[in-house]
Amino acid sequence: MASTFSGDETAPFFGFLGAAAALVFSCMGAAYGTAKSGVGVASMGVMRPELVMKSIVPVVMAGVLGIYGLIIAVIISTGINPKAKSYYLFDGYAHLSSGLSCGLAGLAAGMAIGIVGDAGVRANAQQPKLFVGMILILIFAEALALYGLIVGIILSSRAGQSRAE
């Protein structure tokens, strides 16, 4: 029995794995950042309820991380259509690396945002001059996920360039 398996039949698996990794890891980072900084907001709200709306910034910034993963997952999944165009292992690996770069960067950023957000809103309740410093640290933590999104878009755009057709 002759087999026509060329290895490319498994390529979509890696592509879809990249899409799933982007969304899952980014959402894990968003969930951790939201939960950790949300606990800080709730704790701070007991002492200074007037600062709750001002202290919601880390929760919003953590939520954006999930959107980064969603963007990459949609870009990857729309690029996988083996019936319309050949999909090689190079393409699958490009999409896998794209998803992992965005997802893991989002996870790391979510952990940083959660820890800084929790400590920052509690410290802001005691010393309001710390607010600007907290926001700057949160922006730099969010930038980590943005770097992953940019690299993910670049890597995803490399898919389809493995062979001239």
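Residues numbered from 1 in each chain as written. Predicted model: local features only at pLDDT ≥ 70, side-chain atom pairs only at ≥ 80, totals over all residues. Heavy atoms only, no water.

J.: Can you help me understand the overall build of the protein chain in this one?
T.: In terms of regular secondary structure, the protein chain is built from four helices and zero strands. Mapped in sequence order, the helices and strands of the protein chain form the string α-α-α-α. In terms of C-alpha radius of gyration, the protein chain reaches 20 Å, well past the compact-globule figure of 15 Å for 165 residues. Projecting the C-alpha coordinates of the protein chain onto the three principal axes gives extents of approximately 75 × 25 × 20 Å. A buried classification covers 42% of the 165 residues belonging to the protein chain. Partitioning the contacts of the protein chain with sequence separation of at least 6, the portion at a separation of at least 24 is 87%. For the protein chain, the exposed surface amounts to about 8600 Å²; the carbon and sulfur share of it is 74%. (Helix = DSSP H or I, 4+ residues; strand = E, 2+ residues; numbered from the N terminus. Rg over C-alpha atoms; globule rule 2.2 N^0.38 Å. Buried < 20%, exposed > 50% of the residue type's maximum accessible area, 1.4 Å probe, protein only. Contact = heavy atoms within 4.5 Å. Areas by Shrake-Rupley, 256 points an atom, 1.4 Å probe, with all protein chains shown as cover.)

J.: Even after reading the chapter, I still don't get the UniProt feature "domain: V-ATPase proteolipid subunit C-like" (unreviewed entry) in the protein chain, so can you show me in this structure?
T.: The sites that carry the UniProt feature "domain: V-ATPase proteolipid subunit C-like" (unreviewed entry) are, in the present numbering, residues 17-76 and 97-155. Between the C-alpha atoms that bound residues 17-76 there is a distance of 10 Å. The span itself is 85% helix and 0% strand. Split by type, residues 97-155 is 93% helix and 0% strand. Its first and last C-alpha atoms lie 7 Å apart. (UniProt positions renumbered as here; feature names shortened; annotations may be inferred.)

J.: What should I look at first to understand the side chain of Ser26 in this one?
T.: Summarising the element assignment, Ser26 is placed in helix α1 (residues 11-47). Aside from chain neighbours lying at most four places away, what touches Ser26 is Ala21, Leu65, Gly66, Gly69, Cys102, Gly103 and Gly106.

J.: What's the story with helix α4 (residues 131-158) in this structure? I'm lost.
T.: The α-helix winds at 3.6 residues per turn, so residues separated by three or four positions along the chain end up facing the same way. Here α4 is 28 residues long and its end C-alpha atoms lie 41 Å apart, about the 40 Å a rise of 1.5 Å per residue gives. Taken together, the buried positions of α4 are Phe131, Met134, Ile135, Leu138, Ala141, Glu142, Ala143, Ala145, Gly148, Leu149, Gly152 and Ser156. Packed against the buried residues of α4 are α2 (57-78) and α3 (89-126). Just past α4, the residue Gly160 takes up positive phi, approximately 95°. (Expected span 1.5 Å × (residues − 1).)

J.: Any chance you could explain the environment of Lys54 here in plain terms?
T.: Tracing the backbone through its elements, the reader meets Lys54 in the loop between α1 and α2. Take Lys54: its relative accessible area is 38%, and that puts it in the partly exposed class. Between the C-alpha atom of Lys54 and that of Ile80, which follows or precedes it by 26 residues, the distance is 43 Å.

J.: It is not clear to me how the confidence of the model for the protein chain should be interpreted in this structure. Could you clarify?
T.: Parts of the model with low pLDDT should not have their predicted coordinates read in detail. Per-residue confidence for the protein chain gives a mean pLDDT of 90, with 93% of residues at or over 70. Confidence drops under pLDDT 50 across residues 1-7; counting only partners more than four residues distant or on other chains, this segment forms three contacts. (pLDDT = per-residue confidence, 0-100.)

J.: Explain the packing of α2 against α4 here, please?
T.: The relative placement of two packed helices is expressed as an angle between their axes plus a distance between the axes. Two numbers describe how α2 lies on α4: the axes approach to 10 Å, and their chain directions differ by 0°. By the angle class used here, α2 and α4 are roughly parallel. In contact with Val57, Pro58, Met61, Val64, Leu65, Tyr68, Ile71, Ile72, Ile75 and Ile76 of α2, α4 contributes Ile135, Leu138, Ile139, Glu142, Ala145, Leu146, Leu149, Gly152, Ile153 and Ser156. Among the residues forming the contact of α2 with α4, the class breakdown is 17 nonpolar, two polar and one charged. (Axes fitted to C-alpha atoms, helices over the stretch in contact; angles between N-to-C directions. Parallel < 35°, antiparallel > 145°, perpendicular 65-115°, else oblique. Nonpolar A, V, L, I, M, F, W, Y, C, P; charged D, E, K, R; others polar.)

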